[in-house]
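Here is what each chain is made of, one letter per residue.
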Amino acid sequence: MKNYKKFWKLGIEELGTKDFDINKDGELIVREGNYQYNILDLIKKFGAPLEILFPWLVEKRLHNLFETFNYYLKAFNYKGKFFYHYPMKVSQNKEVVLPLISEGANLEVSSANELWLVKKMWEQNQFDSRIKVICNGPKTNYYLSLISELREKNLNIIPIIEDLLELQALINYRGDVGVRVDLDVRVKSHWDKKIDRFGFSWQEILDLGRIRNLKILHYHNGKQVERLEDLVAQAKRGMEVYVKIKEKNPTLDTLNIGGGFAVSFTKKRMYTLDQGVKKIIKTLKKISEKMEIPPPHLICEWGSYIVAPAQITIFRVLFEKKIENSIAKKWYIIDGSFMNDLIDTWAIRQKWHVIPVNFMKEKLSRVWLAGSSCDSDDKYTAGGNYILLPRLDELGEAEDLYIAVLDTGAYQDALASHHCLLSSPAKIVAQNGILMVARKRETPEEVGKLFGW
Ligand SMILES: *Cc1c(COP(=O)(O)O)cnc(C)c1O
């Protein structure tokens, strides 16, 4: 008998599917310790399309990250501390942010509105003032005033200075600050642009000389960095800049290596957490020794890595349509939209790990997926390849086929839109065996209201 669990790439740590399995009826189940979720049952209860968020999976990944960093700091006798800052833009959902900070994450915000959420948490007594908040993004007057306001309340707010105007605006800031360098290291990633606009060039930074209360050197060169050598090359370059700036800035003691750790969105294995952390710490340790300086405290802001695998998106297959002369044989039209709710499919040709929720042991067909909007771009072809899913004509009338797109927890929610006025999927949160509705399915009225109706 075929090993279906293996075939659908479930139960594999590096693919983020360790807790995913198939039951004897060929249905997808997810195990949170001793709790078990049958995804088909959830669909019957809450309908489709549906987003399911697993905060315990976020927590688990964060623990694993801490463990791995602390293990290698010790192993290499690295005399600096590790801090994780969660980049809030990856998913601002409360059900993601609150568990993370309660489990030891600090934060990184990219806008005044994200910082406003910090203020809100603090006002509601949900926020420990020891949690450090790094502030990136253009510092508008409102953003600056919010930074000062929270600092006055003794929150630990660390603005990152990205240009000369910001340096001026923050010259009298009464707390720690960071500077951002635009590293001249090219990496294999969609986001690696030859010319970008974030931070100072390293020559500019050196020319700044002494910066008051400078604590952190920060870089972030794009997400989903495909090769580990590139992540390490960034760290190496970042450390070289750190050494130089430290000469004039003795208060500098932390290197922030930003985000970019890759997620195995497709079924292809990438480098592992263990390999990545080990290499980075080893590299930084070596340079510190050579330059005879204390190794910097380390911050990472790996967002997608922590959050993407903690959410799945469910669609119902509405019907099929034949495709002539193609590697895929059929369109499967789904009851949701890639363009609206998994917009990276369209924006950056994101590839996904797609599996059936039921009928996982049936005969398969090569298909492309099409969304419910009227747009010819609203589709998923696995990059001009095909997706294997159960053959509809074999399934009978009794039950619909549902599919799950895995690893949808990063970025997709905030980027979502309303093309063709389709309603956003409902969203539920599954934690400790308990299900909570985080967002109801939008009614036509609610969607219309967004457009003034
Ligand atoms: C977007 C962003 C991140 C997160 O990147 P991931 O690739 O999702 O890990 C981290 N830091 C900064 C400054 C960012 O802009």
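Residues numbered from 1 in each chain as written. Predicted model: local features only at pLDDT ≥ 70, side-chain atom pairs only at ≥ 80, totals over all residues. Heavy atoms only, no water.

## Describing the nonpolar core
Logical step 1: Ile-39, Phe-54, Tyr-86, Leu-115, Val-118, Trp-302 and Leu-369 are the most contacted members of the largest nonpolar core, which totals 137 residues.
Logical step 2: Counting contributing residues, this core receives three or more from each of domain 1 (4-55 + 312-450) and domain 2 (78-301).
Logical step 3: Residues in contact with Trp-302, not counting those within four places in the same chain, are Leu-65, Phe-69, Tyr-84, Pro-87, Ile-257, Gly-258, Gly-259, Gly-260, Phe-261, Leu-273, Val-277 and Ile-280.
Logical step 4: Formed by five residues, the second largest nonpolar core is a distinct cluster that contains Ile-158, Ile-160, Ile-216 and Ile-299. (Core = buried A, V, L, I, M, F, W, Y, C linked by side-chain atoms within 4.5 Å. Buried < 20%, exposed > 50% of the residue type's maximum accessible area, 1.4 Å probe, protein only. Domains from an automatic or database assignment. Contact = heavy atoms within 4.5 Å.)

## Notes on the domain arrangement of the protein
Logical step 1: As assigned here, the protein comprises domain 1 (4-55 + 312-450) and domain 2 (78-301).
Logical step 2: If you look at the interface, domain 1 gives 23 residues, while domain 2 gives 18 residues.
Logical step 3: Carbon and sulfur atoms supply 63% of the area that domain 1 and domain 2 bury against each other, a total of about 1,800 Å² over both sides.
Logical step 4: For domain 1, the biggest contributors to the area lost against domain 2 are Glu-14, Leu-15 and Tyr-411; these three give 32% of the whole.
Logical step 5: One can count zero salt bridges joining domain 1 with domain 2.
Logical step 6: There are four residue pairs in polar contact (both at pLDDT 80 or more) connecting domain 1 and domain 2.
Logical step 7: Residues that form the side of domain 1 that touches domain 2 fall into these classes: 13 nonpolar, three polar and seven charged. (Buried area = accessible area lost by both parts, 1.4 Å probe. Salt bridge = Lys/Arg side-chain N within 4 Å of Asp/Glu carboxyl O. Polar contact = N/O pair within 3.5 Å; in protein donor to acceptor, adjacent residues only side chain to side chain. Nonpolar A, V, L, I, M, F, W, Y, C, P; charged D, E, K, R; others polar.)

## A few points about the sheet that holds strand S11 (residues 254-256)
Logical step 1: Reading around the circumference, S5-S6-S7-S8-S9-S10-S11-S12 is the order of the eight strands in this closed barrel, with parallel pairing throughout. Direction aside, neighbouring strands of the sheet carry axes that sit 25 degrees apart on average.
Logical step 2: Pairing of strand S5 (residues 82-87) with strand S6 (residues 106-109) involves three bridges; the strand directions are parallel. Looking across to S6, one finds that Pro-87 is bridged to Glu-108.
Logical step 3: Sitting on the sheet, helix H5 (residues 112-123) touches S6, strand S7 (132-135) and strand S8 (156-161), and the angle it makes with S6 is about 145 degrees.
Logical step 4: Packed onto the sheet, helix H6 (residues 141-152) meets S6, S7 and S8 and runs at close to 145 degrees relative to S8. (Pairing = 2+ DSSP bridges. Helix = DSSP H or I, 4+ residues; strand = E, 2+ residues; numbered from the N terminus. Axes fitted to C-alpha atoms, helices over the stretch in contact; angles between N-to-C directions.)

## Brief notes about helix H2 (residues 39-46)
Logical step 1: Taken residue by residue, H2 has Ile-39, Leu-40, Leu-42, Ile-43 and Phe-46 as its buried positions. Projected down its long axis, H2 carries its buried residues within an arc of 160 degrees, all on one side. Turned more than 90 degrees away from the buried face of H2 sit Lys-44 and Lys-45, all of them exposed.
Logical step 2: Capping the start of H2, Asn-38 holds a side-chain oxygen 2.9 Å from the backbone nitrogen of Leu-40, two or three residues further along.
Logical step 3: Positive backbone phi, approximately 80 degrees, marks Gly-47, located one or two places after H2. (Arc of directions from axis to C-beta.)

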